[in-house]
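Examination of the molecular architecture
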Amino acid sequence: MSKVLVTGAAGFIGSHLVDRLLEAGYEVAGLDCFTDYYSPEVKRRNLSRALAHERFTPIEGDLLQLDLDDLIRGVDGVAHLAGEPGVRSSWGERFPTYLERNVQTTQRLLEAASRGGLEHFVYASSSSIYGSSDGGPVAEDATLRPASPYGMSKVAAEELVRLYARERGVTSTVLRYFTVYGPRQRPEMALSRFICAISSGEPVEVFGDGSQAREVTYVSDVVEATVATLETKPKEPARAYNVGGGTRTTVGKLVNLVGETLGERPEVRYCPPVPGDVLSTWANLGRSRRELGYEPRVSLEEGVARQVRWVLAERRALAAA
Ligand code: NAD
Ligand code: UGA
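Residues numbered from 1 in each chain as written. Chains lettered and ligands numbered in written order. Predicted model: local features only at pLDDT ≥ 70, side-chain atom pairs only at ≥ 80, totals over all residues. Heavy atoms only, no water.

1. Remarks on the overall build of the protein
Across its full length, the protein carries 11 helices and 13 strands. A globule of 321 residues ought to have a C-alpha radius of gyration of about 20 Å, and the protein, at 19 Å, matches this closely. Seen through its C-alpha atoms, the protein measures out along the principal axes to roughly 55 × 50 × 40 Å. For the protein, with 321 residues in total, the buried portion stands at 54%. (Helix = DSSP H or I, 4+ residues; strand = E, 2+ residues; numbered from the N terminus. Rg over C-alpha atoms; globule rule 2.2 N^0.38 Å. Buried < 20%, exposed > 50% of the residue type's maximum accessible area, 1.4 Å probe, protein only.)

Below, the structure written as structure tokens:
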């Protein structure tokens with residue numbers, strides 16, 4: 001495989017994947033329409049390193065509108081990360097946006113893939129398809145029981161990937177990422193908000209009592225899993241893999257870790273629990289280890305320290321600009 005199309009290329013995870021694929025010698029086409037889910041300016045900054053690279057082709061456009069046949073014909077692999085990501089904001093009137101950006105984009109890409117002779121289509125799914133883990137690590141064959149409309153939209157997209165694999169022969173794999181963090185993390189995610197508040201001397205908001213637990217995954221581990229998947233011939237059509245960090249934390253402990261890393265004492269404002277927020281996520285990584293050779297490498301303490309350093313450096317760079 002030599003040329004890869006990354007959708008959602010300007011986003012948090014997509015931009016890291018683009019940088020890594022370029023470093024590994026691939027030709028990369030990076031597609032994004034810079035939605036306003038968060039600042040498009042932040043997304044443009046995410047891509048600044050890639051834009052200087054001669055093997056990178058930026059494509060600014062919406063997957064719902066572009067002619068995808070031409071795009072797919074020119075590449076060997078697709079990593080489909082574009083989507084509407086927030087769990088808690090997916091209730092009510094915003095749901096059609098989740099259907100468009102998570103389900104319809106996937107269907108349009110798969111249609112084009114089924115006509116284009118693609119080597120491998122990799123879909124970025126989510127731990128939110130499982131709902132809450134009841135006390136132990138969750139394996140890929142667990143019942144899918146999403147707790148939010150976002151999670152349901154990711155299940156629907158996964159089902160499309162399985163359908164097009166079975167009925168239309170699209171060679172594909174599903175990766176289920178578990179709460180990803182690190183530099184460029186989306187600004188509304190917990191760790192971003194905690195670092196921003198504590199480093200500014202403001203209170204952090206904790207939804208519920210802070211005992212909810214998350215398997216968290218440093219972004220370079222997610223990226224390595226995605227590159228390894230693109231390069232691995234699928235064992236069966238649309239096989240699914242958990243991509244977790246091999247480490248868990250409660251929200252309360254995460255607040256304390258950020259405080260320790262910054263050398264500040266966090267002030268916490270407890271807010272009501274938010275619908276759709278699961279009590280626990282926990283990844284069984286046995287299949288990913290065995291079949292993808294996946295091994296998470298970055299510890300929570302190291303990963304948080306790296307994200308803290310990145311936030312402070314970005315703040316200094318923006319202040320100096
Ligand atoms: P992100 O919002 O930073 O990136 C998504 C990108 O997709 C954005 O830049 C957006 O502009 C683009 N996009 C959305 N709709 C588009 C369309 N119609 N056409 C072209 N571009 C479009 O999100 P992220 O955190 O990097 O997540 C990337 C993917 O990984 C998403 O599919 C998300 O559901 C999944 N995921 C993320 C996490 C996490 O913890 N961040 C965990 C599990 C799964
Ligand atoms: C994350 C991503 O945002 C989703 O895109 C992804 O699909 C999902 O992981 C996944 O793994 O599938 P989430 O786990 O909710 O979703 O990640 P955060 O937004 O970082 O929230 C983590 C926890 O912190 C949640 O319980 C949330 O309620 C809590 N939180 C968040 C707070 O208490 N305060 C905040 O200010 C923000």
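2. Thoughts on the site of ligand 1
Contacts to ligand 1 come from 31 residues, most closely from Asp-32, Tyr-38, Tyr-150, Val-180 and Arg-186. A distance of 3.2 Å separates a nitrogen atom of ligand 1 from a polar atom in the backbone of Cys-33. The contact in question runs from an oxygen atom of ligand 1 to an N or O atom on the backbone of Val-180, over 2.8 Å. When ligand 1 sits alone it has 820 Å² of accessible area, and the protein chains cover 98% of it. Sorting the residues of the shell around ligand 1 by element identifies helix 1 (12-23), strand 2 (27-32), helix 5 (95-116), strand 5 (120-126) and helix 6 (149-168) as the ones contributing at least two each. In terms of residues, the shell around ligand 1 owes the most to one element, strand 5, which gives 3 residues. (Near = heavy atom within 4 Å. Polar contact = N/O pair within 3.5 Å; in protein donor to acceptor, adjacent residues only side chain to side chain. Areas by Shrake-Rupley, 256 points an atom, 1.4 Å probe, with all protein chains shown as cover.)

3. Describing the packing of helix 5 against helix 6
For the pair helix 5 and helix 6, the least separation of the axes is 9 Å and the interaxial angle reads 15°. In this view, helix 5 runs roughly parallel relative to helix 6, as classed from their interaxial angle. The interaxial crossing formed by helix 5 with helix 6 has right-handed handedness. Residues Phe-95, Tyr-98, Asn-102, Val-103, Thr-106, Gln-107, Leu-110, Glu-111 and Ser-114 of helix 5 touch helix 6, and the partners they reach there are Pro-149, Tyr-150, Met-152, Ser-153, Lys-154, Ala-156, Ala-157, Leu-160, Val-161, Tyr-164 and Arg-168. Residue composition of the contact of helix 5 with helix 6, grouped by class: 12 nonpolar, 5 polar and 3 charged. (Axes fitted to C-alpha atoms, helices over the stretch in contact; angles between N-to-C directions. Parallel < 35°, antiparallel > 145°, perpendicular 65-115°, else oblique. Left-handed = near helix turned anticlockwise from the far one by under 90°. Contact = heavy atoms within 4.5 Å. Nonpolar A, V, L, I, M, F, W, Y, C, P; charged D, E, K, R; others polar.)

4. Some thoughts on the sheet that holds strand 2
Here we have 7 strands laid out as an open sheet, ordered 3-2-1-4-5-6-11, and parallel in their pairing. The sheet is open, and its two edges are formed by strand 3 (56-60) and strand 11 (239-243), each paired on a single side. Shown here is a sheet whose adjacent strand axes are inclined to one another by a mean of 20°, direction ignored. Pairing of strand 2 with strand 3 involves 5 bridges; the strand directions are parallel. Within strand 3, the position partnered with Val-28 by the bridge is Phe-56. Against the sheet, helix 1 touches strand 1 (3-7), strand 2, strand 3, strand 4 (77-80) and strand 6 (172-177), its axis set at about 165° to strand 1. (Pairing = 2+ DSSP bridges.)

5. Notes on the pairing of strand 6
Counting buried positions along strand 6 gives 6 out of 6 residues, so the element sits mostly inside the fold. Going residue by residue along strand 6, you find Ser-172, Val-174 and Arg-176 tucked away on one face and Thr-173, Leu-175 and Tyr-177 tucked away on the opposite face as well. Inspection of the sheet shows strand 5 paired to strand 6 by 6 bridges, in the parallel sense. Bridged to Ser-126 within strand 6 is Tyr-177. Read as a crossover between parallel neighbours, the route from strand 5 over helix 6 to strand 6 is right-handed. (Right-handed = clockwise from strand over helix to strand, strands pointing away.)

6. Quick look at the nonpolar core
Counting residues in hydrophobic clusters, the biggest one holds 65 residues, and the most contacted among them are Leu-21, Tyr-177 and Val-304. Residues in contact with Leu-21, not counting those within four places in the same chain, are Val-4, Val-6, Tyr-26, Val-28, Val-227 and Leu-230. Formed by 28 residues, the second largest nonpolar core is a distinct cluster that contains Leu-71, Leu-109, Leu-110 and Leu-160. (Core = buried A, V, L, I, M, F, W, Y, C linked by side-chain atoms within 4.5 Å.)

7. Details of the pattern of salt bridges
Considering all chains together, one arrives at 26 salt bridges under this definition. Here Arg-115 ties to Asp-69 by a salt bridge, and the two come within 3.1 Å at their closest N and O atoms. Linking Arg-115 in helix 5 with Asp-69 in helix 4 (residues 68-73), this pair joins segments that are 46 residues apart in sequence. Residues Glu-236 and Arg-239 are paired through a salt bridge, measuring 3.2 Å at the closest nitrogen-oxygen approach. Three or more residues joined by partner-sharing salt bridges are found here, namely Asp-69, Glu-111, Arg-115 and Arg-168. (Salt bridge = Lys/Arg side-chain N within 4 Å of Asp/Glu carboxyl O.)

8. So, the site of ligand 2
Close contacts around ligand 2 come from 22 residues, with Arg-88, Ser-126, Tyr-150, Arg-186 and Asp-277 the closest. Per-class residue counts for the shell around ligand 2 are 11 nonpolar, 5 polar and 6 charged.

9. Thoughts on the pairing of strand 4
Alternating positions in strand 4 separate into two faces, Gly-77 and Ala-79 on one and Val-78 and His-80 on the other, with burial throughout. By the bridge criterion, 4 bridges tie strand 1 to strand 4 in an arrangement that is parallel. Each residue of the ladder has a partner; that of Val-4, found in strand 4, is Gly-77. Pairing between strand 4 and strand 5: 4 bridges, direction parallel. By the bridge assignment, Val-78 is partnered in strand 5 with Phe-121.

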